[in-house]
Amino acid sequence: HSYFGRADYSRDESLIDVYIQISLWCLWAWRRWTRKMNPEPIGVCIPHSVDLTRFEPLPADERMQFRRRKGIATDDFVYGYIAQPVRSRWSPPLFEAFSSVLRKRPNSHLYVAGLGENFPELHQSLPEDVRAKITIDGFLHGDEKLRQAYAAMDTFVHNSHLGETFGLVLTESMCCGTPVITVAKPLRGNAQCEVVRNGTGGMVIA
């Protein structure tokens, strides 16, 4: 099993019958890595599974309660992003794009979780009126807290610097009834395109 579509060139390779990749993109990348190996290894795609009983939409009153606790106006359109506090998962265009949207639609709000006090340069240079419309949480522990955050958003916006080899946050968001806007990254991890599917789970931006 490989998360990144990498080939195994070690002596252990001869002990493996089948390689499991978690997305079609990983399988494609892995086949490029292994195309000169002899004998040609066998690979299959078995995606991650998501427990639908843990991620589902919230009732409207609970969505509003979450927003009030976070200081978000109940009639704002909430863009959201959740990721681990790892620099490669956070991209300046996320905040730049929100700043641009806010100028056109003042009732917009950005909620992010996982950033915490990390990488302050991503948002501290923004104008004060923009920062006032951004709510920043630390890393969320537990599926119920994640579910509340996903379900309180109007759309999940995703632009990871490295792309995704699968993207569990995308499936969790969609299970909570929150569509995803994601960016295609053909030269990096690009499984977010097949997980979301343009026009099905949200929008894939070229």
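Shown above is the structure to which this text applies.
Thresholds, definitions, all that
- Residues numbered from 1 in each chain as written.
- Predicted model: local features only at pLDDT ≥ 70, side-chain atom pairs only at ≥ 80, totals over all residues.
- Heavy atoms only, no water.
- Buried < 20%, exposed > 50% of the residue type's maximum accessible area, 1.4 Å probe, protein only.
- Helix = DSSP H or I, 4+ residues; strand = E, 2+ residues; numbered from the N terminus.
- Contact = heavy atoms within 4.5 Å.
- Phe/Tyr/Trp six-rings, centres within 6.5 Å; stacked < 30°, edge-to-face > 60°.
- Lys NZ or Arg CZ within 6 Å of the ring centre and 35° of its normal.
- Salt bridge = Lys/Arg side-chain N within 4 Å of Asp/Glu carboxyl O.
- Pairing = 2+ DSSP bridges.
- Axes fitted to C-alpha atoms, helices over the stretch in contact; angles between N-to-C directions.
- Patch = residues over 30% accessible without salt bridge, like charges linked within 9 Å, V, L, I, M, F, W, Y side chains within 5 Å.
- Areas by Shrake-Rupley, 256 points an atom, 1.4 Å probe, with all protein chains shown as cover.

## Points about helix H5 (residues 143-152)
- Taken together, the buried positions of H5 are Leu146, Arg147, Ala149, Tyr150, Ala151 and Ala152.
- Contacts made by the buried residues of H5 are with helix H2 (60-69), strand S3 (77-82), strand S4 (108-113), strand S6 (155-158) and helix H6 (168-175).

## Quick word on the packing of aromatic side chains
- Here the structure, examined in full by the defined rule, presents nine aromatic pairs.
- Ring centres 6.2 Å apart and planes at 70° place the aromatic pair phenylalanine 55 and tyrosine 150 in the edge-to-face group. Of the two residues, phenylalanine 55 sits in the loop between strand S2 (42-45) and H2 while tyrosine 150 sits in helix H5, which places them 95 residues apart along the sequence.
- Residue tyrosine 150 is classed as buried on the basis of its relative accessible area of 0%.
- When the ring of phenylalanine 66 is compared with that of tyrosine 111, the centres are 5.6 Å apart and the planes differ by 80°; the resulting orientation is edge-to-face. In this pair, phenylalanine 66 sits in helix H2 while tyrosine 111 sits in strand S4, placing the two residues 45 residues apart along the sequence.
- The class of phenylalanine 66 is buried, set by a relative accessible area of 5%.
- The cationic tip of arginine 87 hangs over the ring face of phenylalanine 119; the distance from NZ or CZ to the ring centre is 5.5 Å.

## Examining the pattern of salt bridges
- As enumerated under the stated definition, the model contains 10 salt bridges in all.
- One salt bridge in this structure joins glutamate 144 and arginine 147, with 3.4 Å as the shortest N-O distance. On the criterion of helical spacing, the pair formed by glutamate 144 and arginine 147 is a turn pair, its members being three residues apart in helix H5.
- Under the relative-accessibility criterion, glutamate 144 is labelled partly exposed at 40%.
- Here arginine 147 falls in the buried class, since its relative accessible area comes to 11%.
- Linked by salt bridges that have partners in common, Asp51, Arg54 and Asp143 make up one network.

## Topic: the sheet that holds strand S8 (residues 180-183)
- Strand order across the open sheet formed by six strands is S5-S4-S3-S6-S8-S10, with parallel pairing between neighbours. The sheet is open, and its two edges are formed by strand S5 (134-137) and strand S10 (202-205), each paired on a single side. Between one strand axis and the next, the sheet turns by 20° as a mean value, whatever way the strands run.
- Where S4 meets S5, four bridges bridge the pair, whose relative direction is parallel. Its bridge partner lying in S5, alanine 113 is registered against aspartate 137.
- Packing of H5 onto the sheet brings it into contact with S3, S4 and S6, and relative to S3 it is tilted by some 140°.

## Describing the pairing of S8
- Of the two faces of S8, the one lined by Val180 and Thr182 is fully buried and the one lined by Ile181 and Val183 carries no buried residue.
- Strand direction decides the pairing type here: S6 and S8, joined by three bridges, are parallel. Looking across to S8, one finds that phenylalanine 156 is bridged to valine 180.
- Of the pairings in the sheet, the one linking S8 to S10 comprises four bridges and is parallel in character. Residue pairing in the sheet places valine 183 in a bridge with isoleucine 205 of S10.

## Some thoughts on a nonpolar patch on the surface
- Residues Val18, Ile42, Val44 and Ile46 make up a contiguous nonpolar surface patch of about 310 Å² in total accessible area.
- With respect to the element layout, isoleucine 42 can be found in strand S2.

## A closer look at the environment of cysteine 193
- Its location among the elements puts cysteine 193 in helix H7 (residues 192-196).
- Distance in space between the C-alpha atoms of cysteine 193 and isoleucine 205 is 9.0 Å, their sequence separation being 12 residues.

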